[in-house]
Amino acid sequence: MIKKVISFTILLVIFLLGFQFLISFLKTNHNIIYDLEIEGEIYSIDETYKKISGRDYYLFNVSIGDSNFLFKSDNYFNKQKKVVDSIKKYSNDNVTCISLIYKNNYASAPLCIKDNNLYSYQSFVNNENFDQFLDEIPNFSSKILEDSNTTHDFYDLEIYDDYIYDDETLLIYNYKNILRVNSEIEDILTFSSYDNYKNELGMLVGKYYLVPKFTSDSDFTLYYAFNVENEVIKDIELSKPISKQSYLNGIYDGKLYLFDKSNLIQYYIDPTSGKSVEIGNVNKKGINYQNGNSSEISVYDLKNNNIKFSESLSKYETIDCELMFTFDEYAIYYNDGVFYKVYEDYLDKPIYLLKKDNIKEIIVKEDRIYFIDNEFLYRYDDYGLVTLIKRDEFNYNFENIYNVYIQ
């Protein structure tokens, strides 16, 4: 009898644990409001957890009196609730900054408020004495990038050694090669026997860099698919020779679309399957992808207009900007020389990130912003604005001259 009771108890515990695990696995959102009292101040935290398209994250709206701060974190907490344990604060006469300290002792980058507007802490680094405040933020201050001039040369690049992250690969177009640079390896993909000044038909698609094999002929019959992660190169044979008088439409559904003006044919190149497919011609309409929606388009419209694909900006249509990059729950946009971050649920609370005028070739990968300024390629993120590469060529040849792969 005792054995039966013990066995039943064990089975019940296993069932309850399994049920709890299943509920946690299936859970896609929660919202909870709670308070923390720290050094006599009450912080009200509106915590939202969401899981969208396989990605999950937390968003925190933190109130102190009349001030509201917005923070985002990836799901490091196994979907738990009340994950903010403590808060570090800096304050002077007109600037207040806070950093959230989470359950796992992971900390957010500080966020600041001035005149009821939100700013990255880096906006004030040169004007405020943040040293003690930053030193008190666990697992954050150690990641802040310090000034370094340690460089080495690779081809015509001067590479800043201390600033390239382990998960980051830079791809630089170099006339007949693609230079691959990361924290461990520097190598090249040669795609042509002679120099091609402009990179008009090469592009990064997922983990593959796609570029035609150029010869002296007026057309090409092969695309290289260079796997950025493992250096494997696929040869993608084209169903027909494609004229060099072609242009890229863009990326849709993991495939690279291009239009051959000379032969009036639209193709896609699929690096995963290693296939090229003819999509549109004089007898069949091609594909257009605008504002996140696909539609048919005639090859004559593709010839007369350089059609470039675009993602949906409908959630942010009220925002006036020159350039915008959208992600699951937020956007980063550039306007009047300033980068901002804005969450889709708080369009009236943009976060001022960085002011940088007259820059070129902006690429945004999640919270990392890359751009060219004169001869320098820069990266901005929570840990600093740093130079990655110096190259004289960037001064006058910069269109589609680089890309970044994050592993």
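This text goes with the structure placed above it.
Bear in mind that the values here come from a model prediction, so they are computed numbers and not experimental data.

J.: How would you explain the side chain of Ser99 if you had to name every residue and give the values?
T.: Its location among the elements puts Ser99 in strand E6 (residues 96-102). On the accessibility criterion, Ser99 (0% relative accessible area) is buried. Polar side-chain contacts of Ser99 include one of 2.7 Å to the backbone oxygen of Ser108. Beyond its immediate chain neighbours, meaning those up to four positions away, Ser99 contacts Ser86, Ile87, Lys88, Ala107, Ser108, Pro110, Phe133 and Ile137.

J.: Explain the pattern of salt bridges to me, and be specific about the residues and the numbers.
T.: A full pass over the atoms with the stated rule returns 18 salt bridges. Glu278 is the salt-bridge partner of Lys240, the closest N and O atoms lying 3.2 Å from each other. Residue Lys240 is found in strand E17 (residues 233-243), and its partner Glu278 is found in strand E21 (residues 275-280); the two are separated by 38 residues along the sequence.

J.: Residue-level account of the layout of surface pockets, with values.
T.: Estimated volume of the second largest pocket: approximately 650 Å³. Surrounding the second largest pocket, 28 residues form its lining, Gln122, Val125, Asn126, Gly384 and Leu385 being those nearest its centre. Partitioning the lining of the second largest pocket into residue classes produces 15 nonpolar, 9 polar and 4 charged.

J.: A description of a negative patch on the surface should follow, citing residues and the corresponding values.
T.: On the surface, Glu39, Asp131, Asp135 and Glu136 cluster together into a patch of negative charge. Turning to its location among the elements, Asp131 is positioned in helix H2 (residues 131-135). Classification of Asp131 by relative accessible area gives exposed; the value is 54%.

J.: Provide a residue-level description of the sheet that holds strand E26 (residues 338-343), including the pertinent values.
T.: Strand order in this open sheet of 8 strands is E5-E6-E7-E8-E27-E26-E25-E24, and the pairing throughout is mixed. Bordering the open sheet on either side are strand E5 (84-91) and strand E24 (323-326), each of which pairs with just one other strand. Averaged over all pairs of adjacent strands, the angle between strand axes in this sheet comes to 25°, irrespective of strand direction.

J.: Give a description of the nonpolar core that names residues and reports values.
T.: Where a protein is soluble and globular, its nonpolar side chains tend to be buried together. Among the nonpolar cores identified, the biggest contains 96 residues, and Phe60, Val62, Tyr223 and Phe339 are the most heavily contacted of them. With 17 residues, the next largest nonpolar core counts Ala107, Cys112, Phe124 and Phe130 among its residues.

The rules we used
Residues numbered from 1 in each chain as written. Predicted model: local features only at pLDDT ≥ 70, side-chain atom pairs only at ≥ 80, totals over all residues. Heavy atoms only, no water. Helix = DSSP H or I, 4+ residues; strand = E, 2+ residues; numbered from the N terminus. Buried < 20%, exposed > 50% of the residue type's maximum accessible area, 1.4 Å probe, protein only. Polar contact = N/O pair within 3.5 Å; in protein donor to acceptor, adjacent residues only side chain to side chain. Contact = heavy atoms within 4.5 Å. Salt bridge = Lys/Arg side-chain N within 4 Å of Asp/Glu carboxyl O. 1 Å grid on protein atoms, 1.4 Å probe; cavity = no way out; pocket = protein on both sides within 12 Å on 5 of 7 lines; lining within 4 Å. Points joined across faces, edges and corners; volume = space filled by probe spheres on them. Nonpolar A, V, L, I, M, F, W, Y, C, P; charged D, E, K, R; others polar. Patch = residues over 30% accessible without salt bridge, like charges linked within 9 Å, V, L, I, M, F, W, Y side chains within 5 Å. Areas by Shrake-Rupley, 256 points an atom, 1.4 Å probe, with all protein chains shown as cover. Lys, Arg positive; Asp, Glu negative; His and termini not counted. Charge placed at Lys NZ, Arg CZ, Asp CG, Glu CD. Pairing = 2+ DSSP bridges. Axes fitted to C-alpha atoms, helices over the stretch in contact; angles between N-to-C directions. Core = buried A, V, L, I, M, F, W, Y, C linked by side-chain atoms within 4.5 Å.

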